[in-house]
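Observations on the model geometry
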Amino acid sequence: MTSCASDTQASPETSQIVPLSRKPASSEAFVSRPENTGKTACIRTFGCQMNVHDSDRMRRMILDAGYSEVQTYEEADLVILNTCYVRENAVNRIKGHLGELGRLKREGRVKKVALTGCIGASEESRELERQYAIDLVLGTHNTYELAEFVGLPTMQETHTPELPGTIGEHSAFVTIMTGCNYQCSYCVVPSVRGRMICRPLENIVEEIERLVEGGTSYITLLGQTVDAWREKGKRFCDLLERVSEVAPRVWFTTSHPSNMEDRTLRLIGERENIVKRLHLPVQSGSDRMLKIMHRGYKSDRYRRKVEVFRKEVPDGTLSTDIIVGHPQETEEDHRETLRLIEDCGFDSAYVFKFSPRRGTEAIKMEGAVPEDVVQKRFMEVLRSIERNAFERNQKKIGSEEEIYIRHPRNDEGVAIGETWSGHAVHVNTNASPGDYVRARIDSAGPHVLYARNSA
Ligand code: SAH
Ligand code: SF4
């Protein structure tokens, strides 16, 4: 997924076509802070929305402990690196940051460094801790221990942290499940995030009610496989329906094709306040590869889901994740992926080059794909996705859209918003995040729509 917030630079390993989430607004909206202690902290977030959400919760802890948040390492007493472990280049990047922080520590500018998130939960974190003299290492299940580290009373925390980090913000992430019960050949998530734990429905709804009362208008339900959520005979569709009765605007990510029910797709089409964007990672278009990856579905089943989505949500957008160069991927497998891309006409996609991860099945597999072949396939997939996305976006020109503003105007007067169909739009407006504006789309690229001439 899938997508990044503070870590939005495209790396050579990934291509972000349309960011699925953006950095939530800063935490200035928080109320009643304790006295400033003069201490400063900098939080850097890498990886997916789950990490962005965890960073929000840690931000609340440091602010509660009287730290003020700063944006650069040089200004910080405490630096928290909240990390991603999904691909190898993520670890390499963190090593770069740790090296730089080691230097600043030796110069007496940074005092403490904490490593949290998925790398923190991995075995490799012990080596990093020693090598870089890290002061605190936390996994994904014990981030609450940061509280004690920064001088707050110890907090008890279950899998459903009672630490809403985003009250007062116009949009908020709400975790509905953690972990994952799948065992995809290439993926470290089950080993760093554990098995699936679903948060009780009432508990989720209570948090959302609180957020909405506090002024939040956009709720994103989060989890590695949100559509696998269940509780006492209730399924994800029931939860989504209930949440859509409470929240003014709702989205969810990430879904797994094996769990996606037709009735959920119908609900997205029926409910006006559910954003009509489905992120449904396919990974490959080849049945042989899907089997090797243990994805649990065949490409035709995926195509059928997409057909249902297009029928039930005709104005919806569809995004996906694709891995190229997984061990044993042949040219024919790759062609199958290109065929699937043409058949599904994705509106955007995250394309990843396979990255061998310690502890996964794929790292031991024979049949590695040579780097030049991976690069060629990567570019072919990318071009095909972009061509489809561009053609689809062109069809939006001339349409009048209700746009939810996510980011305020920049120096050139351009704000970033989102249509109900989930398109990102650059729009000329003074409106604030959380406001809606109506505007006509006047041009389109492969990644964004433009409403430049609107008031
Ligand atoms: N739970 C989500 C994905 C979580 S990881 C799902 O199953 O769809 C986000 C994306 O990173 C994956 O969809 C996959 O495309 C990519 N990814 C995960 N591990 C990878 C690896 N070892 N190499 C390359 N890409 C990987
Ligand atoms: Fe990883 Fe597969 Fe679980 Fe997604 S479904 S988190 S890719 S193991």
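A brief report on the enclosed structure follows. (Residues numbered from 1 in each chain as written. Chains lettered and ligands numbered in written order. Predicted model: local features only at pLDDT ≥ 70, side-chain atom pairs only at ≥ 80, totals over all residues.)

1. Let's talk about the site of ligand 2
Around ligand 2 sit Cys180, Tyr182, Cys184, Cys187, Val189, Pro190, Gln224, Thr225 and His256, and that is every residue in its neighbourhood. Class assignment for the residues of the shell around ligand 2 results in six nonpolar, three polar and no charged. (Near = placed C-beta within 6 Å. Nonpolar A, V, L, I, M, F, W, Y, C, P; charged D, E, K, R; others polar.)

2. Re unusual backbone geometry
Along the chain, threonine 253 connects to threonine 254 via a cis peptide bond; the corresponding omega equals 5°. With respect to the helices, strands and loops of the structure, threonine 254 is situated in the loop between strand E13 (249-253) and helix H8 (262-270). Phi angles above zero are rare outside glycine, and histidine 294 is one such case at about 60°. Inspection of the secondary structure puts histidine 294 in the loop between helix H9 (287-292) and helix H10 (299-312). When the 14 C-beta atoms within 10 Å are taken as the criterion, histidine 294 is described as partly exposed. (Helix = DSSP H or I, 4+ residues; strand = E, 2+ residues; numbered from the N terminus. Buried ≥ 20, exposed ≤ 12 C-beta atoms within 10 Å, placed from the backbone.)

3. Looking at the sheet that holds strand E20 (residues 436-440)
The strand order across the open sheet formed by six strands is E20-E17-E18-E19-E22-E21, and the pairing between neighbours is mixed. Bordering the open sheet on either side are E20 and strand E21 (443-444), each of which pairs with just one other strand. Relative to strand E19 (residues 424-428), strand E18 (residues 414-419) runs antiparallel, the two being bridged by five bridges. Paired with isoleucine 416 across the bridge in E19 is histidine 426. (Pairing = 2+ DSSP bridges.)

4. Overview of helix H12 (residues 371-394)
A rise of 1.5 Å per residue sets the reference length of H12, with its 24 residues, at 34 Å; its end C-alpha atoms lie 34 Å apart and thus fit the reference within 8%. Every buried residue of H12 is listed here: Arg377, Phe378, Val381, Ser384, Ile385, Ala389 and Asn393. Looking at the buried residues of H12, the elements they touch are strand E15 (317-324), helix H11 (331-344), strand E16 (348-353), E21 and strand E22 (449-451). (Expected span 1.5 Å × (residues − 1). Contact = placed C-beta atoms within 7 Å.)

5. Focus: the nonpolar core
Counting residues in hydrophobic clusters, the biggest one holds 117 residues, and the most contacted among them are Val79, Tyr85, Val174, Ile176, Ile219 and Val351. Those residues within four positions of tyrosine 85 in sequence are excluded, and the remaining contacts are Ala90, Val91, Cys118, Ile119, Ser122, Val188 and Val192. (Core = buried A, V, L, I, M, F, W, Y, C linked by C-beta atoms within 7 Å.)

6. Some words on the sheet that holds E13
The sheet built from three strands is open, its strands ordered E7-E10-E13 with parallel pairing. Each edge of the sheet is formed by a strand with only one pairing partner; in this case those strands are strand E7 (171-175) and E13. The sheet shows a mean angle of 25° between the axes of neighbouring strands, taken without regard to direction. (Axes fitted to C-alpha atoms, helices over the stretch in contact; angles between N-to-C directions.)

7. Comments concerning the environment of threonine 40
The topology assignment puts threonine 40 in strand E2 (residues 40-45). Exposure remark for threonine 40: the 19 C-beta atoms within 10 Å place this residue in the partly exposed category. As a C-alpha pair, threonine 40 and isoleucine 62 span 22 residues in sequence and 8.8 Å in three-dimensional space. Once you skip the residues sitting within four places of it in the chain, threonine 40 turns out to touch Tyr67, Ser68, Val70, Glu75, Ala76 and Asp77.

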